[in-house]
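Chain by chain, the residues:
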Amino acid sequence: MLSGPQAASSEELAGIETGLAEELAAADPRSLLPVAVLHEALDRDALERREIALAAHAREVAAALAGLAARRKGDAGRPLATRLLLGLAAHLVHSLPTSLDERTFLQVLAYDENDETARLFLAAGAERAGRYPEAAVQLERLLKAHPENDSENAEARLHLAVNLRRLGKTHDADRLLASLIQGPSKATESWVLAVAYHETGRALLAAGRLDEAERSLREGLARLPGDEKLLLELAAVRELRHEPAQVRQVLAGFRPGHAEGAGGESARHRYTHPSAAVLEQTWKDLVGAVPENLPALAAALQRTPGRKERNRS
Amino acid sequence: MKRSFLSGLRLSAFVALGVLSALGVLSGRSAAAAPQVSIVQPPAGQPVFGLVEIRAEVRAGDAPVRRVELYFDHVRVGGFREAPLYRWVVDAGQENTEHQIEVVASDGAAGASTASLTTPVLRTDMEIDVRLQQLFVKVEREGRPLTGLSRGDFTILDNGAPQEIVTFEQGDVPFTAVLLLDASTSMRKGRLDTAVNGVRSFVRAMNRLDEAKLLLFDDSILVETPFTGVPSILTLGLSDVEAHGGTALNDALYLALQRLDDRLGRKVVVLLSDGIDVESVLPMALVRGAVRRSQASLYWLRLRFDGEREGGPLQSLYTTWRDAEGHRREMDELNATVLESGGRVEVLQGIEDVPAALKRLLDELRGQYVLGYSPSVHRGAGAWHKLKLKVRGAPGARIRLQEGYLEK
């Protein structure tokens, strides 16, 4: 329907589909979920097959259906809309271009401005695009909305520290990194701790504060033995002191395969890619909820005014 | 008491004269010529260490030479009954100390002669500064190596001061290389396999005394082999490696340089990567300092990165750890570092060009001139020495060598 000589425009088709979904939702709100999940699955498949037009259309409709869900009366509408959009984003965060998920996350925030996952991904996207002030704003809002959740927000605090330094707010950046390093180690994931030490070391090296850098790096190595980046930074301290024999001595203890991040990836790579686990779980839950909502969809289809036309077609 | 003492002295003198007379020392036989012996090796005044050759010349006197013996530090080493050339090899050890050499020749008739030599200690003001600065020089004309130049054709200027060239070689001078292979996501879809095959060919083509180490990296170091000339050791375990992850090129390059730091002779780093560093903790400026100190030559076989276009390929490249300006700066610094080291950047159109590029590199290393000199001026650790090389009798030639070095 989107290609060929008699193809309809994506907008026309989306309008028809959304109108129908609106009728179905009016008949039974539970019918929205299977229809939305169908379109999200279509987007996944089409993106994988590089059918860009079909994927874009399916995504457009899925987002519109989330909008429909949000407009429903009662308390369930907006949470469903948020879930539908986070489920949609689950595959978009792995797709190219990397900004494909941005619109979806912004829509999530329109329905729930305190959603941590959306804020973190938006901040990471802004950071990746070099929009550091925007990244800092998103992260500050996230932390302001969840001040009680210090350990879980360690990732956000780490990103904020890195971006504040880029914006010249070195004092605030140092304070955030120190809070991550000095916080309870069990509550902080090791990759966060590692990057906090890396960035502290980098800042001190760049400032020529070699003694402080060495102290911090040695402390980091005591907590994260064999960390490749900490060893390299410690070697750099010796390099800047013109102590080549000491450089060799520091690196003599290095062994490959000391990736310190989660799942075998390095800490810095983990920083680059926020975990999509929450998104994946949301998607699985949505797919799992389809069967229980199918009878509602079938009943709604029977009750909507366009039933006879649909039967004819 | 005094009287009896003098009587005893007279008695002793009498006895002594009697004994000397009995031995013939005071008789007419003392006029016969004894053998003449001299030590010709080592020369007088030369400190000796380790295995030392000692040679002596003996000329017979009135009677034929019956026996020649060597004493080294007062210990008899050995002797010869008859030999035209008297030669021994002794171990003088490594201690900086005097040694006593004595050669005793006897004819059994006229008596014996002794030649002695005391070798001196090596005085500190005699120590020779053996810190040899080596330059690896490529001379080309019209794209081809220019061979046949001699030592006298080259003039080295170290911080503007002419230097005496003390060693000069051309051709297959052994090298130690680190092959630095990018195994990040950009090397997926068989690109890594092709690159590894190129590395295998490179290693197989190395000479017997060449050695290499393979460092495989993405956002961290994945594989590090020992330095070896055995191809199977260098490529051991590579078949299981899959390309994934980010890129920490600066960090990997820094480690490569440190691994080369205590190696002697020609040092080479071959980097196979698109050159986009994302996740390093070290800036390229610091790595550049390490290159200057190590004096390794960098060769960058640059793979085009995804979406690269002619003219300003980095203008739109952003990553989490660097913006476009940061990437441009790092890439420029890497380019400058490579050229400053005396190496070169070769941009490859595709991964399939890797084996041929590595072969060209090997040929290039084998066609270099190696000039050695002892720098006449020392300015202390970390001081920059700018180098210039002039070649006589080679008009139109293109000379490539490191731009300078940091004093250690």
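The model shown is predicted, which means the values in this text are computed figures rather than measured ones. (Residues numbered from 1 in each chain as written. Chains lettered and ligands numbered in written order. Predicted model: local features only at pLDDT ≥ 70, side-chain atom pairs only at ≥ 80, totals over all residues.)

A. Inspection of the overall build of chain B at higher detail. Broken down by element type, chain B carries 7 helices and 22 strands. By the burial criterion, 35% of the 408 residues in chain B qualify as buried. Counted over contacts in chain B with a minimum sequence separation of 6, partners at least 24 positions apart contribute 75%. (Helix = DSSP H or I, 4+ residues; strand = E, 2+ residues; numbered from the N terminus. Buried ≥ 20, exposed ≤ 12 C-beta atoms within 10 Å, placed from the backbone. Contact = placed C-beta atoms within 7 Å.)

B. Representation of the nonpolar core in the model. Counting 139 residues, the largest nonpolar core has Leu65(A), Leu84(A), Leu180(B) and Val269(B) as its most contacted members. Look past the residues within four positions of Leu84(A) in its chain and what remains in contact with it is Ala36(A), Ala62(A), Leu65(A), Ala66(A), Ala69(A) and Leu286(A). Core analysis: the second largest hydrophobic core is formed by 15 residues, Val37(B), Val68(B), Val103(B) and Leu117(B) among them. (Core = buried A, V, L, I, M, F, W, Y, C linked by C-beta atoms within 7 Å.)

C. Structural detail: the pairing of strand S6 (residues 99–106) of chain B. Residues and elements named next belong to chain B. For S6, the buried fraction is high: 7 of the 8 residues fall into the buried class. By the bridge criterion, 6 bridges tie strand S3 (residues 67–72) to S6 in an arrangement that is antiparallel. Bridge assignment links Leu-70 to a residue of S6, and that residue is Val-103. The sheet contact formed by S6 and strand S7 (residues 112–119) spans 8 bridges and is antiparallel. When the sheet's bridge partners are listed, Ile-101 is paired in S7 with Leu-117. (Pairing = 2+ DSSP bridges.)

D. Examining the sheet that holds strand S2 (residues 51–59) of chain B more closely. All names here are of chain B. Taken together, the 3 strands give an open sheet; going across it, the order is S1-S2-S5, and neighbouring strands pair in antiparallel fashion. A strand with exactly one partner marks an edge of an open sheet, and here the two such strands are strand S1 (36–41) and strand S5 (86–91). Neighbour-to-neighbour, the strand axes of the sheet open up by a mean angle of 25°, direction not taken into account. (Axes fitted to C-alpha atoms, helices over the stretch in contact; angles between N-to-C directions.)

E. Molecular detail of the sheet that holds S6(B). Residue and element names in this part refer to chain B. In space, the 4 strands of this open sheet follow the order S4-S3-S6-S7, with antiparallel pairing throughout. Looking along the sheet, the strands with just one partner apiece sit at the ends: strand S4 (75–80) and S7. Taking the axes of each pair of neighbouring strands and ignoring which way they run, one obtains an average angle of 15° across the sheet. In this structure, S3 lies alongside S4, joined through 5 bridges in antiparallel fashion. What sits directly across from Val-68, in S4, is Phe-80.

F. Fine view of the environment of Val237(A). All names here are of chain A. Mapped onto the elements of the fold, Val-237 is located in helix H12 (residues 228–240). In this structure Val-237 comes out as buried when scored by C-beta crowding, with 24 C-beta atoms within 10 Å. With 48 residues separating them along the chain, Val-237 and Asp-285 place their C-alpha atoms 50 Å apart. Non-local contacts of Val-237, meaning those with residues more than four positions away in its chain, are made with Leu-205, Leu-210, Ala-213, Glu-214 and Leu-217.

G. Local environment of the interface of chain B and chain A. In this complex, chain B contributes 29 residues to the contact, which on the side of chain A involves 26 residues. The set of elements that each furnish at least two residues to the side of chain B that touches chain A consists of strand S15 (221–224), helix H4 (249–260) and helix H5 (284–294) of chain B. Split into classes, the residues belonging to the side of chain B that touches chain A amount to 12 nonpolar, 8 polar and 9 charged. (Nonpolar A, V, L, I, M, F, W, Y, C, P; charged D, E, K, R; others polar.)

H. Structural context of the packing of helix H1 (residues 10–27) of chain A against helix H3 (residues 52–71) of chain A. Residues and elements named next belong to chain A. In the contact formed by H1 and H3, the axes pass within 10 Å of each other and the chain directions differ by 35°. Every pair of crossing elements has a handedness; the one defined by H1 and H3 is right-handed. Mapping the contact onto sequence places Ser-10, Leu-13, Ala-14, Glu-17, Thr-18, Ala-21, Glu-22 and Ala-25 in H1 and Ala-56, His-57, Glu-60, Val-61, Ala-64, Leu-65 and Leu-68 in H3. A breakdown of the residues in the contact of H1 with H3 according to their chemical character gives 9 nonpolar, 3 polar and 3 charged. (Left-handed = near helix turned anticlockwise from the far one by under 90°.)

I. Layout of unusual backbone geometry. Residue and element names in this part refer to chain B. Cis rather than trans, the peptide bond between Gln-41 and Pro-42 has omega equal to 0°. Position of Pro-42 among the secondary structure elements: in the loop between S1 and S2. The residue His-74 is not glycine, and still its phi comes out positive at about 70°. Considering the arrangement of structural elements, one finds His-74 in the loop between S3 and S4. A tally of 7 C-beta atoms within 10 Å means that His-74 is categorised as exposed. Notably, Glu-142 is not glycine yet its phi reads approximately 55°, a positive angle.

J. Focus on the environment of Pro355(B). All names here are of chain B. Mapped onto the secondary structure, Pro-355 falls in helix H7 (residues 354–366). For Pro-355, a count of 17 C-beta atoms within 10 Å translates into the label partly exposed. Along the chain, Pro-355 and Lys-388 lie 33 residues apart, while their C-alpha atoms are 33 Å from each other. Ignoring anything within four residues of it in the chain, the contact list for Pro-355 reads Asn-197, Gly-198 and Ser-201.

K. How the structure looks around the packing of H3(A) against helix H4 (residues 77–92) of chain A. Residues and elements named next belong to chain A. Interhelical geometry of H3 versus H4 gives an angle of 160° and a closest axis separation of 6 Å. The orientation of H3 with respect to H4, classified from their angle, is roughly antiparallel. Here H3 runs over H4; the crossing is left-handed. Contact residues: Arg-59, Ala-62, Leu-65, Ala-66, Gly-67, Ala-69, Ala-70 and Arg-71 in H3; Gly-77, Arg-78, Leu-80, Ala-81, Leu-84, Leu-85 and Leu-88 in H4. (Parallel < 35°, antiparallel > 145°, perpendicular 65-115°, else oblique.)

L. Quick look at the environment of Arg366(B). Residues and elements named next belong to chain B. Within the secondary structure layout, Arg-366 lies in helix H7. According to the C-beta neighbour criterion, Arg-366 is partly exposed, with 16 such atoms within 10 Å. Separated by 192 residues in sequence, Arg-366 and Pro-174 place their C-alpha atoms 8.6 Å apart. Among residues more than four places away in sequence, those in contact with Arg-366 are Gly-171 and Asp-172.

M. Inspection of H4(B) at higher detail. Residues and elements named next belong to chain B. In this model H4 runs 17 Å from its N-terminal to its C-terminal C-alpha over 12 residues, within 8% of the 16 Å that 1.5 Å per residue would give. Within H4, 12 of the 12 residues are buried, leaving the element largely enclosed by the surrounding structure. Those residues of H4 that fall on the buried side of the exposure criterion are Leu-249, Asn-250, Asp-251, Ala-252, Leu-253, Tyr-254, Leu-255, Ala-256, Leu-257, Gln-258, Arg-259 and Leu-260. (Expected span 1.5 Å × (residues − 1).)

N. Spatial organisation of helix H13 (residues 244–252) of chain A. Considered for burial, the residues of H13(A) that qualify are Pro244(A), Val247(A) and Val250(A). Buried residues along H13(A) cover an arc of 115° about the axis, so they all sit on one side. In H13(A), the exposed residues that point more than 90 degrees away from the buried face are Ala245(A), Gln249(A) and Ala252(A). The secondary structure elements touched by the buried residues of H13(A) are H12 of chain A together with H4 and H5 of chain B. (Arc of directions from axis to C-beta.)

O. The arrangement of the confidence of the model for chain B in detail. Residue and element names in this part refer to chain B. In the predicted model, chain B carries a mean pLDDT of 82, and the fraction of residues at 70 or more is 85%. The element-level mean pLDDT for chain B is lowest in helix H1 (residues 2–23), coming to 42, with H4 highest at 96. For the stretch residues 125–129, pLDDT sits under 50, and the model shows 2 contacts to residues farther than four places along the chain or on other chains. This prediction of the complex comes with two scores: 0.75 for pTM and 0.85 for ipTM. (pLDDT = per-residue confidence, 0-100.)

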